[in-house]
Amino acid sequence: MFTGIIEEIGEITAIAPAGDGWRLTVRAPKAAADAVHGESIAVSGVCLTVVGSTADTFDTDVMKQTLDVAAIGDATVGTRVNIEKAMPVGARLGGHIVQGHVDGTGTVLEVRPGAQWSVLRISLPADLAPLVVDKGSISVDGTSLTVSAVSAVSAPAEAQAWFEVSLIPETLAATTLGSRAVGDRVNLETDILARHVERLLAFREAATEGGSR
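Computed from a predicted structure; not experimentally measured.

Undergrad: Outline the overall build of the chain, listing residues and values.
TA: Counting its secondary structure elements, the chain contains 4 helices and 12 strands. Radius of gyration (C-alpha) of the chain: 18 Å, near the 17 Å computed for a compact globule of 213 residues. Principal-axis analysis of the C-alpha atoms places the extent of the chain at approximately 60 × 45 × 35 Å. Expressed as a percentage of its 213 residues, the buried residues of the chain come to 40%. Across the chain, every contact between residues at least 6 apart in sequence was considered, and the portion connecting residues at least 24 apart equals 69%. Positive and negative side-chain charges of the chain, numbering 16 and 26 respectively, have mean locations separated by a distance of 2 Å.

Next comes the structure, spelled out in structure tokens:
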């Protein structure tokens, strides 16, 4: 379990094939300092398991399914990543509940810099669009953010769904989002509560349709 409050920016220093997946080495001194085998660390929003560590790096295996679903599959040596260790019991939940289970990816459509902040517009896969609401929470590359605008539900079916987030100076400086550009692919994790509600409604609709036959 994570909060989406990024603790440091790490860097991928090695990528080695591991079966049909990868073994990554990530340089992240704060996270690696007390990392233990088997613990979970979120790497740009992807929950990964530590399989080895040094004083300033940790190793983790990434399965093919994760590479296919998440933007981490685009990573190369030198890619900067957002790092968050799992939330300890009793800690404050400064962001929102983040599982590190990426729902899909979006693409940065627009970057609008302001005097003190920056606004990112990011595309939404059609299946995730119903789960994202104005002023709701979303995790982008593991960063807990508040949705500041969202595309209309009444938009034509073929139109690209999108949402916007407004990034304060601290977020721009403390995460990789400050260097994102148009065309970049980012990891998205929607609010777990929205996913549960969608699933519950799907079962209720199925039961209603079955009972009406």
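Undergrad: Outline the sheet that holds strand E8 (residues 118-124), supporting the account with residue identities and numerical values.
TA: If you walk around this closed barrel you meet the 6 strands as E7-E8-E11-E10-E9-E12, and the pairing is antiparallel. Averaged over all pairs of adjacent strands, the angle between strand axes in this sheet comes to 45 degrees, irrespective of strand direction.

Undergrad: An account of the packing of aromatic side chains is needed here, citing residue identities and associated values.
TA: Throughout the structure, instances matching the rule amount to 0 aromatic pairs. Seen from the ring of Trp162, Arg121 lies directly overhead, with NZ or CZ sitting 3.6 Å from the centre.

Undergrad: A description of unusual backbone geometry should follow, citing residues and the corresponding values.
TA: Negative phi is the rule for most residues except glycine; trans is the rule for most peptide bonds. For Ser44, which is not glycine, the phi dihedral falls at a positive 50 degrees. Relative to the helices and strands, Ser44 resides in the loop between strand E3 (40-43) and strand E4 (46-53). Unlike most non-glycine residues, Lys135 shows phi in positive territory, near 70 degrees. Within the secondary structure layout, Lys135 lies in the loop between E8 and strand E9 (137-140).

Undergrad: Break down the side chain of Ser151 for me, with residues and values.
TA: Its location among the elements puts Ser151 in the loop between strand E10 (143-150) and strand E11 (161-167). Filtering out sequence-adjacent residues up to four positions away, Ser151 remains in contact with Ala161 and Trp162.

Undergrad: Now, about the pairing of strand E1 (residues 8-18): what can you tell me, with residues and values included?
TA: A regular strand places its side chains on the two faces of the sheet in alternate fashion. With 4 bridges joining them, E1 and strand E6 (residues 80-85) adopt antiparallel strand pairing. Within E6, the residue paired with Glu8 across the bridge is Ile83. As judged from the 7 bridges shared by E1 and strand E2 (residues 21-27), these two strands associate in the antiparallel manner. Each bridged residue has a counterpart across the sheet, and for Ile12 the counterpart in E2 is Val26. As consecutive antiparallel partners, E1 and E2 are separated by 2 residues, and within that stretch Gly19 has a phi angle of approximately 65 degrees, a positive value.

Undergrad: Describe the environment of Asp141, listing the residues and the values that go with them.
TA: Tracing the backbone shows Asp141 in the loop between E9 and E10. For the pair Asp141 and Thr176, spaced 35 residues apart in sequence, the C-alpha to C-alpha distance is 8.2 Å. Not counting the four nearest positions on each side in its chain, Asp141 is found in contact with Ile6, Ser44, Gly45, Asn82, Thr176, Leu177, Arg180, Val186 and Asn187. For Asp141, the side chain forms a polar contact with the side chain of Arg180, separated by 2.6 Å.

Undergrad: Before we move on, can you summarise the nonpolar core with the specific residues and values?
TA: Ranked by size, the top nonpolar core spans 19 residues in total, and within it Val26, Ile41, Val43, Phe58, Ile72 and Ile83 carry the most contacts. Taken together, the elements giving at least two residues each to this core come down to E2, E3, E4, strand E5 (57-62) and E6. It is E4 that provides the largest number of residues to this core, a total of 3 residues. Beyond its immediate chain neighbours, meaning those up to four positions away, Val26 contacts Glu11, Ile12, Thr13, Asp56, Thr57, Phe58, Val81 and Ile83. If you look at the next biggest cluster of nonpolar residues, it comprises 18 residues, including Ile122, Val132, Ile138 and Val186.

Undergrad: An account of the confidence of the model for the chain is needed here, citing residue identities and associated values.
TA: With 96% of its residues at a pLDDT of 70 or more, the chain has an overall mean of 92. Per-element confidence in the chain is highest for E6, whose mean pLDDT is 98, and lowest for helix H4 (residues 192-211), whose mean pLDDT is 81.

Reading the values: the criteria
- Counting restarts for each chain: residues are numbered from 1 in the order of the written sequence.
- Local features in a predicted model are, by the rule used here, given only for residues with pLDDT of at least 70; side-chain atom pairs are given and counted only at 80 or more, and totals for whole chains, interfaces and linings are based on all residues.
- Side-chain measures here rest on the full set of heavy atoms in the structure, leaving out hydrogens and waters.
- Numbering of helices and strands runs from the N terminus; a helix is a DSSP stretch of H or I covering at least four residues, while a strand is a stretch of E covering at least two.
- Our radius of gyration looks at C-alpha atoms and nothing else; its globule reference is 2.2 Å times the residue count to the power 0.38.
- Burial classes follow relative accessibility: with a 1.4 Å probe on protein chains only, a residue under 20% of its type's maximum area counts as buried, one over 50% as exposed, and anything between as partly exposed.
- When checking whether two residues touch, look at their non-hydrogen atoms; a contact exists if any pair is within 4.5 Å.
- Note on charges: Lys and Arg go in the positive column, Asp and Glu in the negative column, and His and the chain ends are not counted at all.
- Lysine's charge is taken at NZ, arginine's at CZ, aspartate's at CG and glutamate's at CD.
- Only strands that DSSP links by at least two bridges are regarded as paired with each other.
- Here an angle of 0 to 180 degrees is reported between the N-to-C directions of two axes, which are lines fitted to C-alpha atoms, with helices fitted over the stretch in contact.
- Here a Phe, Tyr or Trp ring, Trp counted by its six-membered ring, pairs with any other such ring whose centre lies within 6.5 Å, and the pair is stacked when the planes are under 30 degrees apart, edge-to-face when over 60, and tilted otherwise.
- Note on geometry: a ring has a charge over it if NZ (lysine) or CZ (arginine) is within 6 Å of the ring centre and within 35 degrees of the ring normal.
- Distance and chemistry together define a polar contact, namely a pair of N or O atoms within 3.5 Å, with one atom able to donate a hydrogen and the other to accept it when in protein, and with adjacent residues in sequence counting only for side-chain atoms on both sides.
- Take the buried Ala, Val, Leu, Ile, Met, Phe, Trp, Tyr and Cys residues and link them wherever side-chain atoms come within 4.5 Å; each set so joined is a nonpolar core.
- Known as pLDDT, the predictor's confidence for each residue is given on a scale from 0 to 100.

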